[in-house]
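# Residue-level structure breakdown
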Amino acid sequence: MIKHQTILLVAWAAVIMIAYYSCSSSHQDEQHEKAHGPLANRLRAYTDSIEYEKSSIEAMQNVKLLLAQIHDTVSALLPERTAVIRSYPCNNCHTQPLAQLSQGTKADKKKSHWDIEIIHGSEEVMNCQTCHNEKNMNELVSLTGSVIVFNESYKQCRQCHTTQYTDWVGGSHGKRLGGWMPPRIMNTCVSCHDPHKPAFASRWPSRLNTSSLTE
Amino acid sequence: MEPVHPQQNQNTGCQSGNCSCGKKREDGFEQVMSKPTDRRDALKKLTLGLLTGVGFASTSCSVTAGDTKTEKARLNWEEFFKGNYQLMTVDEKESTVKRLERLYELNNGRKINVSAQGPMKDVLYGYAFNISKCQGYMDCVNACVQENNQDRNSQMQYIRIHEHQNGSMDFELADDNFYHEVPAAGHFYIGTQCFHCENPPCVEVCPVKATWKEKDGIVVVDYDWCIGCRYCMAACPYDGRRFNWATPEVPMEEVNNNQHYLGNRLRKKGVMEKCTFCIQRSRNGKNPACVDACPTGARIFGNLLDPNSEIRWVLANKKVFRLKEDLGTEPKFWYFMD
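So, here is what we can say about the structure in this document. (Residues numbered from 1 in each chain as written. Chains lettered and ligands numbered in written order. Predicted model: local features only at pLDDT ≥ 70, side-chain atom pairs only at ≥ 80, totals over all residues.)

## Remarks on the overall build of chain A
For the record, the criterion: The secondary structure listing takes helices from DSSP runs of H or I that are at least 4 residues long and strands from runs of E that are at least 2 residues long, numbered from the N terminus. Our exposure labels follow a C-beta count within 10 Å of each residue's own C-beta, placed from the backbone: buried means 20 or more other C-beta atoms, exposed means 12 or fewer, and partly exposed covers the counts in between. Any two residues are considered in contact once their C-beta atoms, placed from the backbone, lie within 7 Å.
The helix and strand inventory of chain A stands at eight helices and four strands. For chain A, the N- to C-terminal ordering of α and β elements is α-α-α-β-β-α-α-β-β-α-α-α. Looking at chain A as a whole, 14% of its 215 residues are labelled buried. Considering only contacts within chain A whose residues lie at least 6 apart along the sequence, 53% involve residues at least 24 apart.

As C-alpha cells, then:
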C-alpha cells in the first residue's frame, strides 16, 4: 500500500515539474517585460494609431511643402527646395551644356560661382558632374545617369550615405519642422548640410558659462 | 545595507496626512482653514490675519485709493488664499490664470497670456539625446533661458552640457563650463536636464504636494504651493532641479508672454523650478525650445505611446541607455549613438 502511494507521489511530482517547466518557458516574455519595468510595459501596450486634435501643418502655413514617399512604407512632407535656391532655374544663365560653355574664351567666363568651394569626397570620387546634370543644369543626375529633380535631392545623397538615410527615414537623423505631432514635416539633407561642403564647422559656443553657482 | 529609522512609525494612519481615507477632498480656503489648531497657533494666526486684514482693508476701503488699487488688493487677497492647482476645478484654474494675467497687467502695464491647458489624451512625452551629434554649441541653453523666463542674474539654466573626454563617462571629471571653440578634439558632449522620471523621487519627498507627475508624464511644480524646502532637489539623482535664491530678474522686453501656469510663468523668490519639456509649447504640438534650437538635430522629442513616432523608432532601432537606471526612477530621457 505504502509502495503504491510512493509511486503515485513520484508520478505527481513529475507531472508538476513538467508542467512548471513548460509554463515557465512560455512565460519568459512576460518575465522579460517585468524586468524592464512598468514603462516598457506601457510602451508595448499601445499599438493602435492615435487621433490627434491638432496637426503639425498648422505651424507651417508659410512654407510650401511637398509630399514625398521616402521609403516603401514611410512618407513625409518636405519643404520645397527650388523655392530657396537663390538663382533657380539654372538655365537662366546655363543656356548651353557645360562642355560648350567651357570652350569659350576666358573673358566669357563670368565668375558667378566664385564662392563655391568643394570639400566633399576626393577629386577621384566626385566632381561637379557626379551630381549635376551637365546636359540640363536644372536637374541633378544619379550615378547611373537617371534624372533627380532638385526637390528630391535626398535621392542624390542616399546613393552613398545609406546609414544616414536610414536614420533620417526612421527619425534619428535630421530635424522635424512644425513640432512633434503628425504628419511628419522634415528638413531634407540640404536644409542643414551645404552639399558642396557638408561637414559642420567648429565654432564658439553661442553662450559661455562664466560662473557656476554651487548650490 | 538597509538604513534604519527608529523614529519612523509604520502605523501613523491618518495622522500622516498621506493616505486617502475616502474623505471629500478639500480645496483652497478649506485646506488652509479647517486644520486643528492649538492655542498658540490660533493666537499666531489671529494676529497675522488681523494685521493683513487691516492692511488689505485700509487699501481697499480707502476713499483716496483708485479703482485699480482696490482691484489689485482684491486680486492679491484671492491669490493669497487660492488652493493647490491639482485640487482646482477647470473653472477655478481658468479664473486663476485670468487673475494672474490681470495682476501682471496692473503691476507692469503689459499683457501676458497664461494658459492652464491640460494634458492630451493618449500622449506620454519622451525624449532622446544623440551623444554622437551634440557638439556643445549651447544653442539649446540659450533658447531654454529665453523661452522659460529664467533668472538672468544667477545664470539659471535647466540644461547642462557636459564635456567629457573620450573614453570617460564620469560626470565628476566632465567640464560643464568649457571656454573654447567646439567641438574640442578628443571630447564628446552630453546634455542633462530634468528627465521626467516615470517614478520620480522628487515627487515622493515633497511634503506639501507642490510637485507631481501630470498624465502626459511631465513632472511639474506649483510655484505658489512650493514652500522652498528643497527636499526635491536633494532627492533628484540627476541634478534636474533649480532653486530661486533671489527674486528672478528677467528684463521686461525679454519676457516670454506665452506662458503656462505649470511652466514658464514668472517665478518668485524661494521656490523650485525645472525643465517642463516646455509645457506651454509641447501641449500645443510644438517641440520644446531646445529641440527646435539644436543645430545638429541631436535632440528628439515625441509621443511614446504613438508607435509611428520618431522617439519610438529610436527606442526600437538604436542602442539606448539612461543614466542611473539601477535606481528604478525610469527616466523618460534616453541617450543613444549613431
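## Observations concerning the overall build of chain B
Helices and strands together make up the secondary structure of chain B, namely 10 helices and 12 strands. For chain B, the proportion of its 338 residues judged to be buried stands at 36%. When contacts within chain B are restricted to residue pairs at least 6 apart in sequence, those whose partners lie at least 24 apart make up 64%.

## Describing the interface of chain A and chain B
For clarity, the threshold we go by: For this scheme, ten residues count as nonpolar: Ala, Val, Leu, Ile, Met, Phe, Trp, Tyr, Cys and Pro. Four count as charged, namely Asp, Glu, Lys and Arg, and the remainder, Gly too, count as polar.
Opposite the 37 residues of chain A that make contact, chain B presents 41 residues. For the side of chain A that touches chain B, the secondary structure elements donating two or more residues are helix H3 (37–45) and helix H7 (162–170) of chain A. For the side of chain A that touches chain B, the element with the highest residue contribution is H3(A), accounting for four residues. Looking at the side of chain A that touches chain B, its residues break down into 14 nonpolar, 15 polar and eight charged.

## Some words on the sheet that holds strand S2 (residues 125–130) of chain B
Residues and elements named next belong to chain B. Using the following cut-off: In this analysis, strands are considered paired if DSSP registers two or more bridges between them.
Across the sheet, which stays open at both edges, the four strands sit in the order S10-S2-S12-S11 with mixed pairing between neighbours. Of all the strands in the sheet, the pair left with one neighbour each is strand S10 (299–303) and strand S11 (320–321). Bridge count between S11 and strand S12 (residues 333–336): two bridges; the pairing is antiparallel. Counted as the bridge partner of Val320 is Phe336 from S12.

## Some details on the packing of helix H3 (residues 67–80) of chain B against helix H4 (residues 90–108) of chain B
Residue and element names in this part refer to chain B. This is how the line gets drawn: Whenever a helix is involved, its axis is fitted only over the stretch in contact; in every case the axis is a line through C-alpha atoms, and angles between N-to-C directions fall within 0 to 180 degrees. Between 65 and 115 degrees an angle is taken as roughly perpendicular, under 35 as roughly parallel, over 145 as roughly antiparallel, and anywhere else as oblique. Crossings are sorted by hand: turned counterclockwise from the far helix by less than a right angle, the near helix makes the crossing left-handed, and turned clockwise it makes it right-handed.
Running from N to C, H3 and H4 cross one another at 140°; their axes reach a closest spacing of 10 Å. Taken together, the axis directions place H3 and H4 in an arrangement best described as oblique. Two packed elements cross with a definite hand, and for H3 against H4 that hand is left-handed. Here H3 contributes Thr68, Glu71, Lys72, Leu75, Glu78 and Glu79 to the contact with H4, which in turn contributes Arg99, Arg102, Leu103 and Leu106. Partitioned by chemical class, the residues of the contact of H3 with H4 number three nonpolar, one polar and six charged.

## Digging into H7(A)
Residue pairs spaced three or four apart in an α-helix point in one direction, given the helix's 3.6 residues per turn. Residue and element names in this part refer to chain A. Within the sequence span of H7, burial applies to Tyr165, Asp167, Trp168 and Val169. Those residues of H7 hidden inside the fold are in contact with helix H6 (154–157). Once H7 ends, the next one or two residues include Gly171, with phi positive near 125°.

## Topic: the nonpolar core
Note the cut-off: Defined on buried residues, the nonpolar core groups Ala, Val, Leu, Ile, Met, Phe, Trp, Tyr and Cys residues joined through C-beta atoms within 7 Å.
Formed by 65 residues in total, the largest nonpolar core has its most connected members in B:Ala128, B:Cys140, B:Cys144 and B:Cys290. Examining the composition of this core, we find that five residues originate from one element, helix H5 (residues 139–147) of chain B, more than from any other. Non-local contacts of B:Ala128, meaning those with residues more than four positions away in its chain, are made with B:Ile300, B:Ile311, B:Val314, B:Val320, B:Trp334 and B:Phe336. By size, the runner-up hydrophobic cluster in this structure holds 12 residues, among which are A:Trp168, A:Ile185, A:Met186 and A:Cys189.

## Quick notes on the environment of A:Gln156
Residue and element names in this part refer to chain A. Mapped onto the elements of the fold, Gln156 is located in helix H6. For the pair Gln156 and Leu143, spaced 13 residues apart in sequence, the C-alpha separation works out to 8.4 Å. Excluding residues that lie within four positions of it along the chain, Gln156 makes contacts with Cys131, Leu140, Ser142 and Ile148.

## Some words on the environment of B:Asn303
Relative to the helices and strands, B:Asn303 resides in strand S10. As for B:Asn303 and B:Leu124, which are separated by 179 residues in sequence, their C-alpha atoms are 5.4 Å apart. Filtering out sequence-adjacent residues up to four positions away, B:Asn303 remains in contact with A:Trp180, B:Val123, B:Leu124, B:Tyr125 and B:Ser309.

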